[in-house]
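# Residue-level structure breakdown
Residue-level listing of the chains:
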Amino acid sequence: MNDLTDLQTRLRDQRPVDWDQLPDFSLYMDQVLSYMDRQVIRFDGDDGLTAAMVNNYTKSGLAPRAEGKKYGREHLAYFTVICVLKRVMSTRDMDLLIREELQDRPVKEGYDAFRQSLDKALNITAGELAARLGDQELDDAALADAAIHFSLLSYAAGVAGSRCVALLRERKGPEPKGKKEKERE
């Protein structure tokens, strides 16, 4: 139960820092990678941000390019959002949502809205986990049942999220042709 109790505590308490708590000085790549490990809930090195990922995200325009070889507050906000969303959606969908969310507002406001939504989702999940745990340790059958329950919640939320993205994409119309498509013409 210690692992699940630890998870429940982290779901309730671990959050990306407020905008004003993000470093107000530039960081080098290795510092960014180390910092991002503390921004999101991770276990045993799973799904960590790598230098190759940062380079791909900036090359594709999903996140702003480094200023020289340094990354600032705005970059950390983008990478926090990307690190959370990459577990549940494609970079194409993340790109659409990030652009839409930041269309008429500064990055700080978009980051704050993201943090509020994430806070609600983590609290809901912590509550669901607490209801399953009670005061007892889960046997293998209860642990399997909990795994299925949370996987089904993830499935249902994923279906809803995918449909919202699809509707947004329909409203926005066809995407502009990419660089490779233009080169082929």
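Thresholds, definitions, all that
Residues numbered from 1 in each chain as written. Predicted model: local features only at pLDDT ≥ 70, side-chain atom pairs only at ≥ 80, totals over all residues. Heavy atoms only, no water. Helix = DSSP H or I, 4+ residues; strand = E, 2+ residues; numbered from the N terminus. Areas by Shrake-Rupley, 256 points an atom, 1.4 Å probe, with all protein chains shown as cover. Lys, Arg positive; Asp, Glu negative; His and termini not counted. Charge placed at Lys NZ, Arg CZ, Asp CG, Glu CD. Axes fitted to C-alpha atoms, helices over the stretch in contact; angles between N-to-C directions. Parallel < 35°, antiparallel > 145°, perpendicular 65-115°, else oblique. Left-handed = near helix turned anticlockwise from the far one by under 90°. Contact = heavy atoms within 4.5 Å. Nonpolar A, V, L, I, M, F, W, Y, C, P; charged D, E, K, R; others polar. pLDDT = per-residue confidence, 0-100. Buried < 20%, exposed > 50% of the residue type's maximum accessible area, 1.4 Å probe, protein only. Polar contact = N/O pair within 3.5 Å; in protein donor to acceptor, adjacent residues only side chain to side chain. Core = buried A, V, L, I, M, F, W, Y, C linked by side-chain atoms within 4.5 Å. Salt bridge = Lys/Arg side-chain N within 4 Å of Asp/Glu carboxyl O.

### Observations regarding the overall build of the chain
The secondary structure content of the chain amounts to 8 helices and 0 strands. Mapped in sequence order, the helices and strands of the chain form the string α-α-α-α-α-α-α-α. Of the roughly 12000 Å² of accessible surface on the chain, a fraction of 51% belongs to carbon and sulfur atoms. Here the chain contributes 28 positively and 32 negatively charged side chains, and the mean placements of these two sets differ by 8 Å.

### Regarding the packing of helix H4 (residues 73–85) against helix H5 (residues 91–102)
Where H4 contacts H5, the two axes come as close as 11 Å, and the packing angle between them is 140°. Here H4 is positioned oblique relative to H5, judged by the angle of their axes. When you trace H4 past H5, the crossing you get is right-handed. On the side of H4, the interface is formed by Tyr78, Val81, Ile82 and Leu85, while H5 contributes Met94, Ile98 and Leu102. Partitioning the contact of H4 with H5 into residue classes produces 7 nonpolar, no polar and no charged.

### Here's the deal with the confidence of the model for the chain
Caution applies to low-pLDDT parts of the model: their predicted coordinates are not meant to be read in detail. Summing up the model confidence of the chain, the mean pLDDT is 89 and the portion of residues at 70 or higher is 92%. Summarising per-element confidence for the chain, the mean pLDDT is lowest in helix H8 (residues 179–184) (46) and highest in H4 (95).

### Things to note about the environment of Thr80
Residue position: Thr80 is located in helix H4. Residue class for Thr80 comes out buried when judged on its relative accessible area of 0%. Thr80 sits 25 residues away from Asn55 along the chain, and the two C-alpha atoms are 15 Å apart. With sequence-adjacent residues up to four places away left out, Thr80 is seen in contact with Pro16, Met36, Gln39, Val40, Tyr111 and Phe114. Side-chain polar atoms of Thr80 contact the side chain of Gln39, separated by 3.0 Å.

### Topic: the nonpolar core
Among the nonpolar cores identified, the biggest contains 37 residues, and Met36, Leu49, Phe79 and Ile82 are the most heavily contacted of them. If you list the elements that add at least two residues to this core, you get helix H2 (29–39), helix H3 (51–59), H4, H5 and helix H6 (107–133). In this view, Leu49 contacts Leu33, Met36, Val54, Tyr57, Phe79 and Cys83; residues no more than four positions away in its chain are not counted.

### Here we look at the pattern of salt bridges
Counted by the stated rule, this structure contains 10 salt bridges. With a shortest N-O distance of 2.6 Å, Arg15 and Asp119 are connected by a salt bridge. Here the residue Arg15 occupies a position in the loop between helix H1 (2–13) and H2, and Asp119 occupies one in helix H6, the gap between them amounting to 104 residues. Given a relative accessible area of 17%, Arg15 falls into the buried group. By relative accessible area, Asp119 is classed as partly exposed at 31%. Linking Arg163 and Glu170 is a salt bridge whose minimum nitrogen-to-oxygen distance equals 3.9 Å. Residue Glu170 is classed as exposed on the basis of its relative accessible area of 56%.

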